[in-house]
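What follows is the residue order along each chain.
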Amino acid sequence: MAEQLLFTLNVPTNIKDDVVDILIGIECITGFNLKNIEGYSKEHSEFDIAEQVEGHCSFYQFEVHILLSELAIVKTALSPVCKYTPLKYWVTPIYESGHLG
């Protein structure tokens with residue numbers, strides 16, 4: 001696996017601020033991206049009435065550039081907010097990163 005990773009995490013709107021606080025507090029993280037997304041699923045049982053009408057659930061998506069050695073640190077730090085709300089995440093290898101210009 002690559003040494004550099006993109007850790008992507010989908011978070012319900014009601015715990016976004018908790019996740020922001022946790023990520024900011026992790027010493028090895030220098031920053032992250034945050035964006036609104038619309039999640040679509042064939043299973044609507046967890047959607048509220050408005051989400052069922054709209055056909056999607058609103059989430060926030062975090063993207064965090066980390067090292068492979070930091071993955072366990074990040075997952076452990078996030079575990080308190082996952083206690084009652086399982087959070088979908090995935091890890092993507094980064095083969096190159098830098099700044100242009």
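The residue numbers shown here count from 1 along each chain, following its written sequence. Two thresholds apply to this predicted model, a pLDDT of at least 70 for residue-level local features and 80 or more for giving and counting side-chain atom pairs, whereas whole-chain, interface and lining totals are computed over all residues. Excluded from the side-chain calculations are hydrogens and water; all other atoms, namely the structure's heavy atoms, are used.

- Identification of the protein as DUF3240 domain-containing protein from Pseudoalteromonas haloplanktis is taken from an unreviewed UniProt entry.

Comments concerning the overall build of the protein
Here comes step 1: Numbering goes from the N terminus for both helices and strands, where a helix is a DSSP run of H or I of at least four residues and a strand is a run of E of at least two. Secondary structure assignment for the protein yields 3 helices and 4 strands.
Here comes step 2: Secondary structure elements of the protein, listed N to C terminal, follow the sequence β-α-β-α-β-α-β.
Here comes step 3: Burial here depends on accessible area, computed with a 1.4 Å probe over protein chains only, as a share of the maximum for the residue type. Under 20% is buried, over 50% is exposed, and the range in between is partly exposed. Expressed as a percentage of its 101 residues, the buried residues of the protein come to 34%.
Here comes step 4: Throughout, a contact is declared for two residues whenever any of their heavy atoms are within 4.5 Å. When contacts within the protein are restricted to residue pairs at least 6 apart in sequence, those whose partners lie at least 24 apart make up 79%.
Here comes step 5: Accessible surface computed for the protein: about 7100 Å², of which carbon and sulfur atoms make up 53%. Method for areas: the Shrake-Rupley scheme with a 1.4 Å probe, in which residue coverage is limited to the protein chains shown.

Some words on the side chain of Glu63
Here comes step 1: For Glu63, the location among the structural elements is in strand E3 (residues 57–67).
Here comes step 2: Each polar contact in these results corresponds to two N or O atoms within 3.5 Å; when the atoms are within protein, one needs to be able to donate a hydrogen and the other to accept it, and residues that are neighboring in sequence are counted only if both atoms are side-chain atoms. Within the local environment of Glu63, its side chain forms a polar contact with the side chain of Lys35, the two groups lying 3.3 Å apart.
Here comes step 3: Beyond its immediate stretch of four places on either side in the chain, Glu63 contacts Leu6, Phe7, Thr8, Phe32, Asn33 and Lys35.

Details of the side chain of Asn10
Here comes step 1: Along the chain, Asn10 falls in strand E1 (residues 4–12).
Here comes step 2: Residue classification places Asn10 among the buried residues on the basis of a relative accessible area of 15%.
Here comes step 3: At 2.9 Å, the side chain of Asn10 forms a polar contact with the side chain of Gln61.

Section: the pattern of salt bridges
Here comes step 1: Any carboxyl oxygen of Asp or Glu that lies within 4 Å of a side-chain nitrogen of Lys or Arg is treated as forming a salt bridge with it. Inspection of every chain in the model, using the stated rule, returns 2 salt bridges.
Here comes step 2: Close ionic contact of Glu63 with Lys35 constitutes a salt bridge, the shortest N to O distance being 3.3 Å. Highlighted residues: Glu63 in strand E3 and Lys35 in strand E2 (residues 33–39), separated in sequence by 28 residues.
Here comes step 3: Residue classification places Lys35 among the partly exposed positions, given a relative accessible area of 39%.

Comments concerning the packing of aromatic side chains
Here comes step 1: Between the rings of Phe, Tyr and Trp (Trp by its six-membered ring), a pair exists once the centres lie within 6.5 Å; its type follows the angle of the planes, with under 30 degrees stacked, over 60 edge-to-face, and the other angles tilted. Summed over the entire model, instances satisfying the criterion amount to 2 aromatic pairs.
Here comes step 2: Consider the rings of Phe32 and Phe62, whose centres lie 5.7 Å apart with planes at 50°: the pair is tilted. Taken as a pair, Phe32 in the loop between helix H1 (16–25) and E2 and Phe62 in strand E3 lie far apart in primary sequence, 30 residues in all.
Here comes step 3: Under the relative-accessibility criterion, Phe62 is labelled buried at 0%.

Digging into H1
Here comes step 1: Among the residues making up H1, those that are buried are Lys16, Val19, Val20, Ile22 and Leu23. One face of H1 carries all of its buried residues, which in axial projection span an arc of 165°. Residues of H1 that are exposed and point more than 90 degrees away from the buried face comprise Asp21, Ile24 and Gly25. As used here, the arc belongs to the directions running from the helix axis to the C-beta atoms.

Digging into the environment of Phe32
Here comes step 1: Residue classification places Phe32 among the partly exposed positions, given a relative accessible area of 25%.
Here comes step 2: Note: C-alpha distance between Phe32 and Thr8 (24 residues apart in sequence) is 9.9 Å.

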